[in-house]
Amino acid sequence: MKKIVIKYGSIACLIVVGVPVTIMGIVGNGPENFDLGAIVGYTSMIVAMGLVYFAMRHYRDNENEGTMTFGKGMQIGLLISTMGGVAWGLYNLVFVKFIMPDFYEQYYAHQSGQTIGSPEFEKGFAEMMNQMGFWYTDFGGTLLMFITVFLIGLVISIISSLVLQRRVIATA
């Protein structure tokens with residue numbers, strides 16, 4: 001099982017980080033591309049976490065003689081989801097610290113339609129930071145991104161475990 005989790009988890013990490021980085025390299029990371037970035041980001045999360053199903057199926061069919069319990073499926077799925085979540089969280093940390101340090105300001109301006117530095121922007125941004133400031137810290141942002149991917153993986157893990165579970169039928 002360990003090999004399967006490492007294999008599929010590594011591929012999930014490459015997808016969840018590699019696809020957005022590739023697209024960012026092609027189109028850039030400015031405010032004009034934030035909407036595209038969100039679409040690419042969430043799509044890559046879903047595709048990456050979709051590997052949970054294939055990992056479980058591989059385990060059941062090739063490693064465990066055609067059987068898999070719900071619990072074992074969840075174990076595989078949650079380990080892969082954790083790997084993908086950690087990768088996405090760390091990528092987010094690198095992105096907001098080094099690639100685009102003013103991301104939060106730029107994103108708020110983009111979403112609110114306000115100009116950075118205007119009185120309306122300063123007031124609105126300050127209010128947002130007072131209300132949700134934790135999520136805009138290094139730890140909070142990383143945690144939020146981890147949770148986002150992990151929850152997608154959790155849902156896919158539950159569904160896949162239910163669909164793929166197969167117990168040994170005892171014969172007398």
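Scroll up to find the structure this text is about.
Residues numbered from 1 in each chain as written. Predicted model: local features only at pLDDT ≥ 70, side-chain atom pairs only at ≥ 80, totals over all residues. Heavy atoms only, no water.

Asks: I'd like a description of the pattern of salt bridges, backed by residues and values.
Replies: It is possible for side chains bearing opposite charge to pair when their charged atoms get close. This model, assessed by the stated rule, comprises three salt bridges. Among the salt bridges present, the one from E127 reaches K123, with a minimum N-O distance of 4.0 Å. Note that E127 and K123 are positioned in helix 5 (residues 119–132) at a spacing of four residues, about one turn of the helix. For E127, a relative accessible area of 39% gives the class partly exposed. Looking at K123, the relative accessible area reads 55%, which means it is exposed. (Salt bridge = Lys/Arg side-chain N within 4 Å of Asp/Glu carboxyl O. Helix = DSSP H or I, 4+ residues; strand = E, 2+ residues; numbered from the N terminus. Buried < 20%, exposed > 50% of the residue type's maximum accessible area, 1.4 Å probe, protein only.)

Asks: I'd like a description of the packing of helix 1 (residues 2–27) against helix 2 (residues 34–63), backed by residues and values.
Replies: Where helix 1 meets helix 2, the axes come as close as 9 Å, and the angle between the chain directions of the two elements is 160 degrees. Judged by the inter-axis angle, helix 1 sits roughly antiparallel to helix 2. Remark: the crossing between helix 1 and helix 2 carries right-handed chirality. Among the residues forming the contact of helix 1 with helix 2, the class breakdown is 20 nonpolar, three polar and one charged. (Axes fitted to C-alpha atoms, helices over the stretch in contact; angles between N-to-C directions. Parallel < 35°, antiparallel > 145°, perpendicular 65-115°, else oblique. Left-handed = near helix turned anticlockwise from the far one by under 90°. Nonpolar A, V, L, I, M, F, W, Y, C, P; charged D, E, K, R; others polar.)

Asks: How would you summarise the environment of G141 if you had to cite specific residues and measurements?
Replies: Here G141 lies in helix 6 (residues 138–164). Put simply, G141 and L93 are 48 residues apart on the chain and 7.2 Å apart in space, counted from C-alpha to C-alpha. Filtering out sequence-adjacent residues up to four positions away, G141 remains in contact with N92, Y104, F134 and W135. (Contact = heavy atoms within 4.5 Å.)

Asks: Residues and numbers for unusual backbone geometry, please.
Replies: Here E65, not a glycine, exhibits a phi torsion of approximately 55 degrees, which is positive. Mapped onto the fold, E65 is located in the loop between helix 2 and helix 3 (70–99). Overall, E65 belongs to the exposed group, its relative accessible area being 80%.

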